[in-house]
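As a plain string of letters, each chain reads:
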Amino acid sequence: MAKVGLFLGCITPLRYPGIESSTIDVLEALGVEAKILQGTSCCPAPGVFRSFDQEVWRALGARNLALAEEQGVEILNICNGCFGSLSESSHQLREDPKKLEKVNNILSQIGKKYNGTAKVRHFAEFLYRDVGLENIAKRVKNKQDHLKVAVHYGCHFLKPRMLKEIDDPERPKILDELVEVTGAKSIPYKDKQMCCGAGGGVRARTKDVAQKMTIQKMENINEVGANVIVDVCPFCHLQFDQGQEEVETKVPVLHLSQLYVLAFGLPKERMGVEAHAIPVNF
Amino acid sequence: MSEEGEPKLVNPEFTKEVIKRGADTITLCFQCATCTGGCPSGRITAFRTRKLMRRVQLGFKEDVLPSDELWLCTTCMTCDERCPRGVKITDIIMTLRNMAVEEGHMAEAHKRTAGMLIKTGHAIPMGDKFRELRKTLKLDEVPPTVLCDPKLYEDVVKIMKATEFDKLIGERIDG
Ligand code: SF4
Ligand code: SF4
């Protein structure tokens, strides 16, 4: 199994640090050699910073990628935004030598070089492929059969399909399987693959538009009576957790790592659910 | 956006510039509107992905760059996934947004987010509440990122200066 460097990003450590501690505990429980990748910055966020200036977005991305390269680890993301951003920047730098050269001219000012070899991984995809459902199943101590889960994939986990090569973005199974291995039930709902509404700088700029998308998703989630939303992205997590103010039946939110803390019987206090706006009482 | 009936300024240079910046798949769009049909933003706003693509093909720069609708896309990539012509729609939108920002079209909220990156190397601030929570969770009180080492933050600042991001955002970086 590959050695991984956990990429923290921004929203996880600064808004939902429980996702950070849960991920660390879960990886350890599964025997994964994981360390936090030290000294990283914002990925930088694909919705805002890539929209503003792709040059700075690529250069800061390359610095993060170079850190993983230096330390000989695969870069493991617990956020779809970071995953999307670093997958895309590393892809561009692999495909386009001119862009790589330009970025390296900049990195030379801080004594760094990126060779274009970093491997960008997503937590869920890593668990599925490298650890495997069987090994995860062996670790499940507390069956979560009380949970009726609305699985939310988010957008940048599986799309673009050709770049990510993880699962069919229109009819995926990977995350449903990762949820159901805990004994929880993934319930189908209308427009399951729809965006949470937060991305692309929309939450920051036009919060009402983001909210309306979330409310649409919540109508569909409540229609099937789900009692929890499971996501793999702290930004979707934040949008669902803080975007349900106007929704009558509020559904709590768990990151996949937090669900595994429950299922594996790891210390619950490391889930950090104090940070959640919607109480989590599992 | 021009008023109905008002003649629009066609600017072929605009289309060429978009293509030059790498968004060359814009020429492939044959206006089927599959993109619009699946767009979650278009469901609740007047933003129409197909129309945006057409305006770029026709060179309606003044319709596109200053518009609010350019910023209603969540980059969900549903359109990219479904487009029968392989138009890289979100890449095109990224290119257009970069051009809009260069021309000075940037919302205050986005300037604040950009300012945060310049000031800290992260997109959001670190609050006391979360410091405390990190301690309770037995994590490093300050995350082991550029936040915990001024020298590493300086590296990030150098990159932002080298790419003139600070100038673009209109924020001076001290030192
Ligand atoms: S789906 Fe593709 S070809 Fe059809 S209108 Fe949209 S961009 Fe053009
Ligand atoms: S990527 Fe943007 S334009 Fe395309 S479907 Fe999603 S919100 Fe609409």
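Here goes a summary of the coordinates provided. Just so we're clear, the structure is a prediction, and the values are computed from it rather than from any experiment.

Analysis parameters
Residues numbered from 1 in each chain as written. Chains lettered and ligands numbered in written order. Predicted model: local features only at pLDDT ≥ 70, side-chain atom pairs only at ≥ 80, totals over all residues. Heavy atoms only, no water. Buried < 20%, exposed > 50% of the residue type's maximum accessible area, 1.4 Å probe, protein only. Helix = DSSP H or I, 4+ residues; strand = E, 2+ residues; numbered from the N terminus. Contact = heavy atoms within 4.5 Å. Pairing = 2+ DSSP bridges. Axes fitted to C-alpha atoms, helices over the stretch in contact; angles between N-to-C directions. Near = heavy atom within 4 Å. Nonpolar A, V, L, I, M, F, W, Y, C, P; charged D, E, K, R; others polar. Buried area = accessible area lost by both parts, 1.4 Å probe. Salt bridge = Lys/Arg side-chain N within 4 Å of Asp/Glu carboxyl O. Core = buried A, V, L, I, M, F, W, Y, C linked by side-chain atoms within 4.5 Å. Phe/Tyr/Trp six-rings, centres within 6.5 Å; stacked < 30°, edge-to-face > 60°.

With that settled, consider helix H4 (residues 49-58) of chain B. Residues and elements named next belong to chain B. Residues of H4 that are buried include every one of Thr49, Leu52, Met53, Arg55, Val56 and Gln57, and no others. At its buried positions, H4 is contacted by helix H1 (12-20), helix H2 (34-38), helix H5 (61-64) and helix H7 (89-102). Where H4 ends, the next residue or the one after it, glycine 59, has phi of about 80°, a positive value.

Here the focus is the side chain of aspartate 176 of chain A. Residue position: aspartate 176 of chain A is located in helix H10 (residues 174-180). Apart from residues no more than four positions distant in its own chain, aspartate 176 of chain A is found in contact with Val151, Tyr153, Ser186 and Lys192 of chain A.

So, about the sheet that holds strand S8 (residues 253-255) of chain A. Residue and element names in this part refer to chain A. Here four strands make up an open sheet; going across it, the order is S6-S5-S7-S8 and the pairing parallel. Edge positions in the sheet fall to strand S6 (185-186) and S8, since each of these pairs with one other strand and no more. Against the sheet, helix H14 (residues 256-264) touches strand S7 (228-231) and S8, its axis set at about 90° to S8.

What surrounds ligand 1 is a group of 14 residues, the closest being Cys29, Cys32, Ala33, Cys35 and Cys83 of chain B. Across the shell around ligand 1, the residue classes break down as ten nonpolar, two polar and two charged.

When the parts of a complex come together, some accessible area is lost, and that lost area is often used as the size of the interface. The partner chain B presents 57 residues to the 64 residues of chain A that form the contact. For the pair chain A and chain B, the two sides together bury roughly 5,400 Å², of which 65% comes from carbon and sulfur. Interface area lost by chain A to chain B is led by Leu14, Phe52 and Arg205 of chain A, which between them contribute 15%. Linking chain A with chain B are six salt bridges, by the criterion used here. With its nearest N and O atoms 3.0 Å apart, the salt bridge here joins aspartate 91 of chain B to arginine 50 of chain A.

This next bit is on the nonpolar core. Core analysis: the largest hydrophobic core is formed by 145 residues, its most contacted members being Phe49, Leu127, Leu256 and Tyr260 of chain A together with Leu96 and Phe165 of chain B. Broken down by element, this core gets its largest block of residues, eight residues, from helix H4 (residues 54-71) of chain A. With sequence-adjacent residues up to four places away left out, phenylalanine 165 of chain B is seen in contact with Phe49, Phe52, Asp53 and Val56 of chain A together with Ala114, Leu117, Ile118 and Met160 of chain B.

Below, the discussion takes up the packing of aromatic side chains. Residue and element names in this part refer to chain A. Under the defined criterion, the tally for this structure stands at four aromatic pairs over all chains. A centroid spacing of 5.2 Å and a plane angle of 20° characterise the contact between tyrosine 260 and phenylalanine 264, whose relative ring orientation is stacked. Highlighted residues: tyrosine 260 and phenylalanine 264, both in helix H14, separated by four residues, approximately one helical turn. Using a relative accessible area of 1% as the deciding quantity, one classes phenylalanine 264 as buried.

Such coordinate-based values are descriptive only and should not be taken to indicate function.
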